[in-house]
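Read off the chains here:
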Amino acid sequence: MLPKILKTFRAKTIIGIALIESLLLAFLLNNIIGYMKHSNEHQLKDLAETTVSIFAATTTDAVISSDLAALDSFVNEVFKNPNLSYARVIDSNDIVLAVRSHIDLSKHNLSADSHVDNMTDSIFDSSADIRIEGNLFGRVQIGLDISNLKQMQKEALQHGITIALLEMIFVA
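Residues numbered from 1 in each chain as written. Predicted model: local features only at pLDDT ≥ 70, side-chain atom pairs only at ≥ 80, totals over all residues. Heavy atoms only, no water.

A. Summary view of the layout of surface pockets. There is about 180 Å³ of room inside the largest pocket. Per-element tally for the lining of the largest pocket: the top contributor is helix α1 (residues 9-64), with 5 residues. Its residues assigned to classes, the lining of the largest pocket comprises 5 nonpolar, 5 polar and 1 charged. (1 Å grid on protein atoms, 1.4 Å probe; cavity = no way out; pocket = protein on both sides within 12 Å on 5 of 7 lines; lining within 4 Å. Points joined across faces, edges and corners; volume = space filled by probe spheres on them. Helix = DSSP H or I, 4+ residues; strand = E, 2+ residues; numbered from the N terminus. Nonpolar A, V, L, I, M, F, W, Y, C, P; charged D, E, K, R; others polar.)

Here it is, written out as structure tokens:
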């Protein structure tokens with residue numbers, strides 16, 4: 001049985017308002033975090049596609065001529081990007097021509113990622129073919145470390161929950 005104080009109209013009104021407020025805050029927080037994740041994922045995909053397409057365009061001549069010194073130079077240059085976990089160039093026979101990595105690539109799935117939520121690690125993989133007139137000469141692959149992005153999203157959710165709870169406390 002409910003205590004007598006909870007049976008009053010005033011208590012029921014306060015509880016009802018608090019429940020409505022908590023539902024609306026949860027809805028608002030969910031929408032904001034969802035929008036932020038979608039926006040971040042879109043920016044990440046654009047960054048990966050831009051980086052890998054420029055990388056492919058830069059290495060095309062060196063792949064065709066099998067200029068390993070130039071490929072090493074290009075890989076070293078693109079690897080200056082602090083968010084890259086690896087960069088590699090392979091020929092049409094899947095032979096690695098140049099590579100630079102912070103991770104063990106033999107233990108990493110190098111297939112391109114399409115969505116952050118479907119990833120099994122914190123490396124967003126992207127690749128681009130090196131083609132001339134439809135003929136495949138090779139491929140470039142990069143991996144972007146998104147651990148900072150995931151941490152930022154986690155912190156944003158925690159801050160949002162904290163703000164929502166503080167708002168409810170101050171209104172009550």
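B. Main features of the side chain of Asp 125. Positionally, Asp 125 belongs in strand β3 (residues 123-132). Although Asp 125 is buried, it forms no salt bridge, and the closest oppositely charged side chain is Arg 88 at an N-O distance of 9.0 Å. Within the structure, the side chain of Asp 125 is placed 2.6 Å from the side chain of Tyr 86, a separation counted as a polar contact. Apart from residues lying up to four places away in sequence, Asp 125 is in contact with Tyr 86, His 108, Asn 109, Leu 110, Ser 111, Ala 112, Asp 113, Ile 142 and Gly 143. (Buried < 20%, exposed > 50% of the residue type's maximum accessible area, 1.4 Å probe, protein only. Lys, Arg positive; Asp, Glu negative; His and termini not counted. Salt bridge = Lys/Arg side-chain N within 4 Å of Asp/Glu carboxyl O. Polar contact = N/O pair within 3.5 Å; in protein donor to acceptor, adjacent residues only side chain to side chain. Contact = heavy atoms within 4.5 Å.)

C. Up close: the sheet that holds strand β4 (residues 135-145). With respect to topology, 4 strands assemble into an open sheet ordered β2-β1-β4-β3, the strand pairing being antiparallel. Looking along the sheet, the strands with just one partner apiece sit at the ends: β2 (96-101) and β3. Going across the sheet, the axis of each strand differs from the next one's by a mean of 10°, ignoring polarity. The pairing of strand β1 (residues 84-91) with β4 spans 7 bridges and is classified as antiparallel. (Pairing = 2+ DSSP bridges. Axes fitted to C-alpha atoms, helices over the stretch in contact; angles between N-to-C directions.)

D. Seen up close, the packing of α1 against helix α3 (residues 147-171). Where α1 contacts α3, the two axes come as close as 10 Å, and the packing angle between them is 160°. The pairing of α1 with α3 is recorded here as roughly antiparallel in orientation. In this structure, α1 meets α3 at a crossing whose hand is right-handed. Residues Ala 18, Glu 21, Ser 22, Leu 25, Leu 29, Ile 33, Met 36, Lys 37, Asn 40 and Leu 44 of α1 form the contact with α3, whose participating residues are Leu 149, Met 152, Gln 153, Ala 156, Leu 157, Gly 160, Ile 161, Ala 164, Glu 167, Met 168 and Val 171. Here the residues of the contact of α1 with α3 sort into 14 nonpolar, 4 polar and 3 charged. (Parallel < 35°, antiparallel > 145°, perpendicular 65-115°, else oblique. Left-handed = near helix turned anticlockwise from the far one by under 90°.)

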